[in-house]
6 protein chains.
Amino acid sequence: MIVGGGKTARDYIKPLRDMGVNEGLLDLVGIRASRLNAYTLTLLLGDRAYPEVPGSIEQFLEYWATGRIVVAGGFQPGQSTNAVSALVAEATHSDILYNLTTVDGVYSDDPKRNPKARKLDTLTVKELRGIIEKNKAEAGTYELFDRLALDIIERSKIKVVVLDGRDPWNLIRHMKGEKIGSLVLPD
Amino acid sequence: MIVGGGKTARDYIKPLRDMGVNEGLLDLVGIRASRLNAYTLTLLLGDRAYPEVPGSIEQFLEYWATGRIVVAGGFQPGQSTNAVSALVAEATHSDILYNLTTVDGVYSDDPKRNPKARKLDTLTVKELRGIIEKNKAEAGTYELFDRLALDIIERSKIKVVVLDGRDPWNLIRHMKGEKIGSLVLPD
Amino acid sequence: MIVGGGKTARDYIKPLRDMGVNEGLLDLVGIRASRLNAYTLTLLLGDRAYPEVPGSIEQFLEYWATGRIVVAGGFQPGQSTNAVSALVAEATHSDILYNLTTVDGVYSDDPKRNPKARKLDTLTVKELRGIIEKNKAEAGTYELFDRLALDIIERSKIKVVVLDGRDPWNLIRHMKGEKIGSLVLPD
Amino acid sequence: MIVGGGKTARDYIKPLRDMGVNEGLLDLVGIRASRLNAYTLTLLLGDRAYPEVPGSIEQFLEYWATGRIVVAGGFQPGQSTNAVSALVAEATHSDILYNLTTVDGVYSDDPKRNPKARKLDTLTVKELRGIIEKNKAEAGTYELFDRLALDIIERSKIKVVVLDGRDPWNLIRHMKGEKIGSLVLPD
Amino acid sequence: MIVGGGKTARDYIKPLRDMGVNEGLLDLVGIRASRLNAYTLTLLLGDRAYPEVPGSIEQFLEYWATGRIVVAGGFQPGQSTNAVSALVAEATHSDILYNLTTVDGVYSDDPKRNPKARKLDTLTVKELRGIIEKNKAEAGTYELFDRLALDIIERSKIKVVVLDGRDPWNLIRHMKGEKIGSLVLPD
Amino acid sequence: MIVGGGKTARDYIKPLRDMGVNEGLLDLVGIRASRLNAYTLTLLLGDRAYPEVPGSIEQFLEYWATGRIVVAGGFQPGQSTNAVSALVAEATHSDILYNLTTVDGVYSDDPKRNPKARKLDTLTVKELRGIIEKNKAEAGTYELFDRLALDIIERSKIKVVVLDGRDPWNLIRHMKGEKIGSLVLPD
């Protein structure tokens, strides 16, 4: 399980950015905030989780070798926690990566700006890349996956399911066969 | 420099306590929050600070050996970051410990409940212990130092200066000889 | 399993104290001695034990995640290994903590000074605290539990059984239902 | 100083790829090979270098705090050691990054395929990105910088000098003011 | 499983030796090369292996506690990876150590120099020591075991089987009872 | 500075050996005892020493990079702390190694058994090896240096001075030019 820095990251980064701290160090603070989130989740999972948060993919694999769930936050400046998910999915030979986010799937365009945007049930990585690049060029706010994440799921042919994580039961619903979210397939 | 978990710690601990997480694990989350604060301060100090936050007094001493400022948060459940300050002051043979807090000194009683309480310019550790124990018995909210901190400053005869840290320049003012805050002297 | 520094700790600390080493550093030497004892016990337990001695509660939990017995010594200056036991019992959600010591239970007073002192079969944490504080005030030698240990077993409602560990079979006898030692119950 | 995996990485990766090992694990082997190269360089630098190779930017900063030269290899799958250089340059607030490679500068096009390609004395990051993307699209072999490296030097306005490292004295020559290589300037 | 540095070690050490690097540091480079080999083997073993390479016998035992195969390279300058095998066999209470090498067993003398040398089906550690010391005195090239390895298998009465590892199936053949290789028995 | 396990090591090892613990694990306990001695010495050296005890030559070099004195105990089973001294002397490019022991120099034979044994002012490594091997063969108690230590000082041409360490001022006396102890020269 990989979690982002969320509100805590934004709250810590904002005043530091105003004070002129550079982007690399801001990312490091955001990573630490995501690890605080990951640590909290670890405690809630109790004995099922490894009780420490890994700082790199190599450390992730060591914790993983104990047979426990490993909860990670960020690994490195310059990449999102989506990239961490993809790195972990690849290194653990996973077939599928669940991305629980704040929208109910991948849209053909940014739904906030384009009323004709429609949710896609299935799409290819190449199509996903096209949608992201197109929107990124203009706004930079519609980013389900960063490029490193896309590169990795593409080269290792990992399927991705995008679900609305605001209701975590959607994960169970999808596993039981309900038709929700979007499925991103290798090209 | 030792920093507490502050608002972040409280924000993370509250929902977890409501979910029934035990006090030992809640303390661990609070410790991680204090380390996030410490890490942020580390970045602001730049090359003057060691770029990592120690998890124990032994690790603190290793980082300290590089000649850099070391910024720590919590070390262990069941103790405050005041105890961490005292442990660090003792292990580094410090003569004096500056405690920057949200009041302008030590009062003879809790000023919120006793209008006759007056700020003490100088007091002994024994007197400080008396004031804290008396107030703790009733309310538990007026805690400048926990008992481990008191035990350590007492056994190693470390002077403590309590200052109002809401204006950090008070530290400089005190060092220049201005008569502010309270001085706690060995018995 | 948590072990103290015993004779080795005392033998190393005495000459250092005579040379003026401060109490914080003496505690660090005592902690290392207790870890030597813990390591030795680890080897005797063979494959059932994790083959390394943790230096903090966070490290304890990592070793514990392998499913092996973890043997610890001290964690930090300013606290006894009783405090370590309580920290570990709390973090592992244990119901009961066995304290194997050199007396056969908790007495109503220090048996060396008060001939009327009698062993208590059952007592509350509050009563235990009263007995310890009372004796501590005068002598400082009758200390089954330090205050941090008391605080933790109280806040997390951990039962404590005090047994005479000079005969380790007492542990088995108690588990089989024999009425030996003293039982300390949450208030 | 950051070094790549070179021939050793290629020699180890090739048979593993033939055996079906996935790209993430192949990258991990390449990273280890680059660390062997880094370690070797460390030894040659003697007391001027920190005697260990960092595995992450966080570890890099810790070693860096000793005041020694730090030699790193790769950090993470999915990125080149150029990305490592950019991460390090940013985190250490460097103004300039020297990239010693096997060509004598940046060309307007791939010189192997386009005889009209000419070396550029100065160019912007944006122009560099254009040249790389254009060539990548077709061949994937002409890659001075990966995208993460470009993103970082762009966001933190780090100047890059590309030099022919087959003659390491070019570094000294450039520092003395000789007009060699290419200078990449922030947009 | 313990692996040596092989060709990679020799390729890295040779130019460094020509540059005057001392033998202790050359050994450190050889150790890192053996760890690269060990890491590669780790990846090929997948989930059966612990995903990191230990740097000491103490670390080996920690990884071993997870129940996975541990693949090690060198531990320390001044000793061969045969010594590492013997250290590991002893610390894990192993009865037998398989040495897969480039000859098909132990010979009564160096077969390259003495045409009358014959393969020994069974021999004692003392006899093995005699053969090695005799040949070492003259050439230094015929070294199945270094002295530390011999000391350890002798003191802990570990049986050794020497097999031709150029065909790894020999290991299975020997385990099934085929009469190949040489068996070294405690005195 | 390298220290042995001394009386503590012997006191811990004896009962374990009687209980059948194998020699490899007994060595590990002895190593931990030597590290307790090293840690104690570290504290006495205060700010001049690095405040942690290294567990391997690689860790030694990292601590050494801070510019502090590093105090080590044992590194590995199967070798004495003399071997550790030699490994450290070699890795730090030292010209000379001071061996403070319980005799006042190297004797031509074991003085306890041969009344004609005389102290040697100067000898070669080869002569030292001869004396040690001869006495080892019979008794095993007269061991100034183990073979790994001899191999290393020989291959890296390190001078050794053997002094009576029961009076530590002998170290200063020798440095000031007094003719005490024995000097072991490269062949």
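Draft legend 1. Seen up close, the overall build of chain A. A count of helical and extended segments in chain A gives seven helices and six strands. For chain A, the sequential pattern of α-helices and β-strands runs α-α-α-α-β-β-β-β-α-α-β-α-β. For 187 residues, the compact-globule estimate of 2.2 N^0.38 gives 16 Å, and the C-alpha radius of gyration of chain A, at 17 Å, lies within 12% of that figure. On the principal axes, the C-alpha backbone points of chain A span a range of 45 × 45 × 30 Å. Looking at the 187 residues of chain A, the share that counts as buried comes to 55%. Expressed as a percentage of contacts within chain A between residues at least 6 apart in sequence, the contacts between residues at least 24 apart total 60%. Summing over all exposed atoms, chain A offers an accessible surface of approximately 8,600 Å²; the carbon and sulfur share of this is 53%. Charge-centre separation for chain A: the mean point of 25 positive side chains lies 3 Å from the mean point of 25 negative side chains.

Draft legend 2. Fine view of the side chain of R68(C). Mapped onto the fold, R68(C) is located in the loop between α3 (57-64) and α4 (81-91). Despite its burial, R68(C) pairs with no opposite charge; the closest candidate is D47(C), at 4.7 Å N-O. At a separation of 3.3 Å, a polar atom in the side chain of R68(C) contacts the main-chain carbonyl oxygen of A65(E).

Draft legend 3. Structural detail: the pattern of salt bridges. Tallied over the entire structure, the rule returns 96 salt bridges over all chains. Close ionic contact of D151(A) with R147(D) constitutes a salt bridge, the shortest N to O distance being 2.8 Å. Taken together, the residues D151(A) in helix α6 (residues 147-155) and R147(D) in helix α6 (residues 147-155) connect one chain to another. Note that D121(E) and K119(E) form a salt bridge whose closest N and O atoms lie 3.6 Å from each other.

Draft legend 4. Molecular detail of the environment of V160(E). Positionally, V160(E) belongs in strand β5 (residues 159-164). Taking the C-alpha atoms as reference, V160(E) lies 25 Å from Y50(E); in sequence the two are 110 residues apart.

Draft legend 5. Region of the structure containing the environment of N82(B). Residues and elements named next belong to chain B. Following the sequence through the fold, N82 ends up in helix α4 (residues 81-91). Taking relative accessible area as the criterion, N82 reaches 16% and is therefore assigned buried. Placed 64 residues apart in sequence, N82 and D146 show a C-alpha to C-alpha distance of 6.8 Å. For N82, the contacting residues outside a window of four places in its chain are N99, L144, F145, D146 and A149.

Draft legend 6. Molecular detail of the relation of the copies chain A and chain D. Once turned by 180 degrees and shifted 0.0 Å along the axis, chain A lies on chain D with an RMSD of 0.0 Å. The transformation relating the two chain copies, once decomposed into turn and shift, fits a two-fold axis. When each C-alpha of chain A is compared by its distance to the rotation axis, S56(A) comes out closest, at 3.7 Å. Most of the interface of chain A is mirrored in chain D: 100% of its interface residues are interface residues there too.

Draft legend 7. Seen up close, unusual backbone geometry. Positioned with a positive phi, H93(B) is a non-glycine residue whose angle comes to about 55 degrees. Secondary-structure assignment places H93(B) in the loop between α4 and β1 (96-101). Take H93(B): its relative accessible area is 51%, and that puts it in the exposed class. Although it is not a glycine, K157(E) sits at a positive phi angle of roughly 50 degrees.

Draft legend 8. Just the interface of chain A and chain D, in detail. Listed as interface residues are 27 residues of chain A and, on the opposing side, 27 residues of chain D. Here chain A and chain D share an interface that buries about 2,200 Å² over both sides, 49% of which is from carbon and sulfur atoms. Inspection of the chain A/chain D interface yields eight salt bridges. E58(D) is the salt-bridge partner of R32(A), the closest N and O atoms lying 2.8 Å from each other. Connecting chain A to chain D are 14 residue pairs in polar contact (both at pLDDT 80 or more). Of all the secondary-structure elements, those providing two or more residues to the side of chain A that touches chain D are α2 (23-45), α3 (57-64), α4 (81-91) and α6 of chain A. In terms of residue count, the dominant contributor to the side of chain A that touches chain D is α2(A) (seven residues). Of the residues assigned to the side of chain A that touches chain D, the class counts are nine nonpolar, eight polar and ten charged.

Draft legend 9. How the structure looks around the interface of chain F and chain E. Listed per partner, the contact involves 27 residues of chain F and 27 residues of chain E. Taken together, the two surfaces of chain F and chain E that pack against each other cover about 2,300 Å², and 49% of this comes from carbon and sulfur. Three residues, E58(F), Q76(F) and R147(F), lead the burial of chain F against chain E; their summed loss comes to 26% of the area buried on that side. Between the two partners, chain F and chain E, sit eight salt bridges. Our count for the chain F to chain E interface comes out at 14 residue pairs in polar contact (both at pLDDT 80 or more). At the level of secondary structure, the elements contributing two or more residues to the side of chain F that touches chain E comprise α2 (23-45), α3 (57-64), α4 (81-91) and α6 (147-155) of chain F.

Draft legend 10. Fine view of the relation of the copies chain F and chain E. Once chain F has been moved 0.0 Å along the axis and rotated by 180 degrees, it coincides with chain E to within an RMSD of 0.0 Å. The fraction of interface residues of chain F whose copies in chain E are also interface residues reaches 100%, indicating that both copies meet through the same surface.

Draft legend 11. Highlighting helix α6 (residues 147-155) of chain B. Along α6(B), the positions that sit buried rather than exposed are R147(B), L148(B), A149(B), L150(B), I152(B) and I153(B). Looking one or two residues beyond α6(B), the residue adopting positive phi is K157(B), at roughly 50 degrees.

Draft legend 12. Structural view of the side chain of E58(B). Mapped onto the fold, E58(B) is located in helix α3 (residues 57-64). Relative accessible area serves as the criterion here: at 8%, E58(B) is assigned to the buried category. A polar contact of 2.9 Å, which involves the side chain of E58(B), links it to the side chain of R35(C). Discounting chain neighbours no more than four positions away, the residues touching E58(B) are L28(C), R32(C), R35(C), G55(C), F75(C) and E52(F).

Draft legend 13. Region of interest: the sheet that holds strand β4 (residues 122-124) of chain D. Residues and elements named next belong to chain D. Read across the open sheet, the four strands follow the order β1-β5-β6-β4; overall the sheet is mixed. Edge positions in the sheet fall to β1 (96-101) and β4, since each has one partner strand and no second. When the angles between neighbouring strand axes are averaged without regard to direction, this sheet yields 20 degrees. One ladder, built from six bridges, connects β1 with strand β5 (residues 159-164); its direction is parallel.

Draft legend 14. Broad picture of the domain arrangement of chain A. You can read the domains of chain A as domain 1 (1-77) and domain 2 (94-187). Summarising the inter-unit geometry, the C-alpha centres of domain 1 of chain A and domain 2 of chain A are found 22 Å apart.

Draft legend 15. Up close: the packing of aromatic side chains. Residue and element names in this part refer to chain B. Scanning the entire structure with this criterion turns up twelve aromatic pairs over all chains. A ring pair is formed by Y50 and Y63, whose centres lie 4.3 Å apart and whose planes are at 20 degrees; its orientation type is stacked. With Y50 in the loop between α2 (23-45) and α3 and Y63 in helix α3, the pair connects residues that are 13 residues apart, well separated along the chain. The class for Y50 is buried, based on a relative accessible area of 6%.

Draft legend 16. View of the environment of T102(D). Residue and element names in this part refer to chain D. For T102, the position within the fold is in the loop between β1 and β2 (106-107). Spatially, the C-alpha atom of T102 lies 5.4 Å from that of D164, the residues being 62 residues apart in sequence. Filtering out sequence-adjacent residues up to four positions away, T102 remains in contact with D164 and R166.

Draft legend 17. Spatial organisation of the sheet that holds strand β6 (residues 182-185) of chain A. Residue and element names in this part refer to chain A. With respect to topology, four strands assemble into an open sheet ordered β1-β5-β6-β4, the strand pairing being mixed. With partners counted over all chains shown, the strands left at the sheet margins are β1 (96-101) and β4 (122-124), one partner each. Strand after strand, the sheet turns through a mean of 20 degrees between neighbouring axes, direction not considered. Relative to β6, β4 is paired through three bridges, and the arrangement is parallel.

Cut-offs and rules
Residues numbered from 1 in each chain as written. Chains lettered and ligands numbered in written order. Predicted model: local features only at pLDDT ≥ 70, side-chain atom pairs only at ≥ 80, totals over all residues. Heavy atoms only, no water. Helix = DSSP H or I, 4+ residues; strand = E, 2+ residues; numbered from the N terminus. Rg over C-alpha atoms; globule rule 2.2 N^0.38 Å. Buried < 20%, exposed > 50% of the residue type's maximum accessible area, 1.4 Å probe, protein only. Contact = heavy atoms within 4.5 Å. Areas by Shrake-Rupley, 256 points an atom, 1.4 Å probe, with all protein chains shown as cover. Lys, Arg positive; Asp, Glu negative; His and termini not counted. Charge placed at Lys NZ, Arg CZ, Asp CG, Glu CD. Salt bridge = Lys/Arg side-chain N within 4 Å of Asp/Glu carboxyl O. Polar contact = N/O pair within 3.5 Å; in protein donor to acceptor, adjacent residues only side chain to side chain. Least-squares fit on C-alpha atoms with pLDDT ≥ 70 in both. Buried area = accessible area lost by both parts, 1.4 Å probe. Nonpolar A, V, L, I, M, F, W, Y, C, P; charged D, E, K, R; others polar. Pairing = 2+ DSSP bridges. Axes fitted to C-alpha atoms, helices over the stretch in contact; angles between N-to-C directions. Domains from an automatic or database assignment. Phe/Tyr/Trp six-rings, centres within 6.5 Å; stacked < 30°, edge-to-face > 60°.

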